[in-house]
Amino acid sequence: MITINLCARAALVTGGTSGIGLATAERLLAAGAAVAICGRNTERLAQAEAHLRERHPQARLIAAQCNVLDERDVATLVERIRSEFGRLDMLVNNAGQGRVSTFADTTDDAWREELELKYFSVIRTTRACLPMLREAARETGDAAIVCVNSLLALQPEPHMVATSSARAGVQNLVRSMASEFAPDGVRVNSILIGLVESGQWRRRFAAAQEAGDSKTWQEWTGELARKKQIQLQRLGKPEEAAAAIFFLASPQSSYTTGSHIDVSGGLARHV
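Source: prediction; values computed, not measured.

What counts and what doesn't
Residues numbered from 1 in each chain as written. Predicted model: local features only at pLDDT ≥ 70, side-chain atom pairs only at ≥ 80, totals over all residues. Heavy atoms only, no water. Core = buried A, V, L, I, M, F, W, Y, C linked by side-chain atoms within 4.5 Å. Buried < 20%, exposed > 50% of the residue type's maximum accessible area, 1.4 Å probe, protein only. Helix = DSSP H or I, 4+ residues; strand = E, 2+ residues; numbered from the N terminus. Contact = heavy atoms within 4.5 Å. Salt bridge = Lys/Arg side-chain N within 4 Å of Asp/Glu carboxyl O. Pairing = 2+ DSSP bridges. Right-handed = clockwise from strand over helix to strand, strands pointing away. Axes fitted to C-alpha atoms, helices over the stretch in contact; angles between N-to-C directions. Parallel < 35°, antiparallel > 145°, perpendicular 65-115°, else oblique. Left-handed = near helix turned anticlockwise from the far one by under 90°. Nonpolar A, V, L, I, M, F, W, Y, C, P; charged D, E, K, R; others polar. UniProt positions renumbered as here; feature names shortened; annotations may be inferred.

Asks: What is the right way to read the nonpolar core from this model?
Replies: The tendency in soluble globular proteins is for nonpolar side chains to be buried side by side. Grouped together as the largest cluster of nonpolar side chains are 35 residues, with contacts concentrated most on Leu12, Leu77, Ile81, Leu133 and Ile145. Secondary-structure elements contributing two or more residues to this core are β1 (10-14), β2 (34-39), β3 (61-65), α3 (71-84), α4 (108-140), β5 (143-150), α5 (161-181) and β6 (186-193). When residues in this core are grouped by element, the largest group, seven residues, is from α4. Non-local contacts of Leu12, meaning those with residues more than four positions away in its chain, are made with Ala36, Leu77, Ile81, Leu88, Met90, Leu91, Val92, Thr125 and Cys129. Grouped together as the second largest cluster of nonpolar side chains are 32 residues, Ala63, Val146, Ile193 and Phe246 included.

Asks: What is the right way to look at the pattern of salt bridges in this model?
Replies: If charged atoms from side chains of opposite charge come close, those side chains can pair. According to the stated counting rule, one finds 17 salt bridges in the structure shown. For Arg124, the salt bridge goes to Glu116, with nearest N and O atoms at 3.2 Å. Judged by relative accessible area, which is 30%, Glu116 ranks as partly exposed. Here the salt bridges do not stand alone but share partners, grouping Arg99, Glu113, Glu114 and Lys118 into one network.

Asks: What should I look at first to understand the pairing of β6 in this one?
Replies: Taken residue by residue, a regular strand's side chains alternate between the two faces of the sheet. Burial analysis of β6 places eight of its eight residues in the buried class, which makes it a mostly covered element. The side-chain alternation of β6 yields two buried faces, one formed by Val186, Val188, Ser190 and Leu192 and the other by Arg187, Asn189, Ile191 and Ile193. Across eight bridges, the pairing between β5 and β6 is parallel. Residue pairing for β6: Val148 is matched across the bridge by Ile191. For the crossover that starts at β5, traverses α5 and ends in the parallel β6, the hand is right-handed.

Asks: So what exactly am I meant to see when it comes to the packing of helix α1 (residues 19-30) against helix α2 (residues 42-55) here?
Replies: Each pair of packed helices gets described by two things: the angle between the helix axes and the distance between those axes. Contact pair α1 / α2: the axes reach a minimum separation of 11 Å and the direction vectors enclose 25°. The pairing of α1 with α2 is recorded here as roughly parallel in orientation. The two elements α1 and α2 cross, and the hand of that crossing is right-handed. The segment α1 lies against α2, with Leu22, Ala25, Glu26 and Leu29 engaging Ala48, His51, Leu52 and Arg55. Partitioned by chemical class, the residues of the contact of α1 with α2 number five nonpolar, one polar and two charged.

Asks: Looking at this structure, I do not really get the UniProt feature "domain: Ketoreductase" (unreviewed entry) in the chain. What am I missing?
Replies: Those places that UniProt annotates as "domain: Ketoreductase" (unreviewed entry) correspond, in this numbering, to residues 9-171. What you have in residues 9-171 is 52% helix and 17% strand, and the ends, taken at the C-alpha atoms, are 26 Å apart.

Asks: What am I meant to see in the packing of α3 against α4 here?
Replies: Where α3 meets α4, the axes come as close as 8 Å, and the angle between the chain directions of the two elements is 20°. As summarised for this structure, α3 and α4 are arranged roughly parallel, according to the angle between their axes. The crossing of α3 and α4 is right-handed. Across the interface between the two elements, Glu71, Val74, Val78, Ile81 and Arg82 from α3 touch Arg124, Thr125, Arg127, Ala128, Cys129, Met132 and Glu135 from α4. Residue composition of the contact of α3 with α4, grouped by class: six nonpolar, one polar and five charged.

In structure tokens, the structure reads:
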């Protein structure tokens, strides 16, 4: 396995308190990077910080409460990163979750909420971090933004119409930013995830058990994967998505921008 040392680099992972975000923060810390994570829930944030500090006691780590839709929150966090780390080389935009709705039952307010979350969680954070990313690129020749997006961006589902539409827009935004930022040495890429193990799926599994389902987690998720026609017949793991993010965020992918990695276990049909 090729190893890479990121001791001289720093990263921000939004939505870093659980799942893919937490796994990504851990991967970056293991490579020596200074890492800032943020989230809105103080309890989950404290748990994530304790977990990361236990596993990486010497880590340069910031764990900050931050609503990435709040411009002042984001600015405060970025200034803290500048003060404590003195630099920022990698930004992982990972905030956001899916909304189950059809066109017929998605209200105007729901559309606005979904578009606000998907777009501005990327826009506001990127805007605030871009000056430091450009500074890092001038120094080292490489800085990176990675957006955690969904396969819905290219393969929409009718029961997730608002999320599919917003995800497609974000994918277009990734390409636009990649073109605009390339002359400054700041690369922009994304990963497109399918079904990945998460707290949401754990809660659905628990509900099924309460309703009398006797299947194990492996049996239940395997059945779900086959129903969804995932070729690998299982859900992805946060660590597998984190590995793709790590590649795109690090100098290992220094000649890759405006692109994406499919992390869907073969769920993609036409992309």
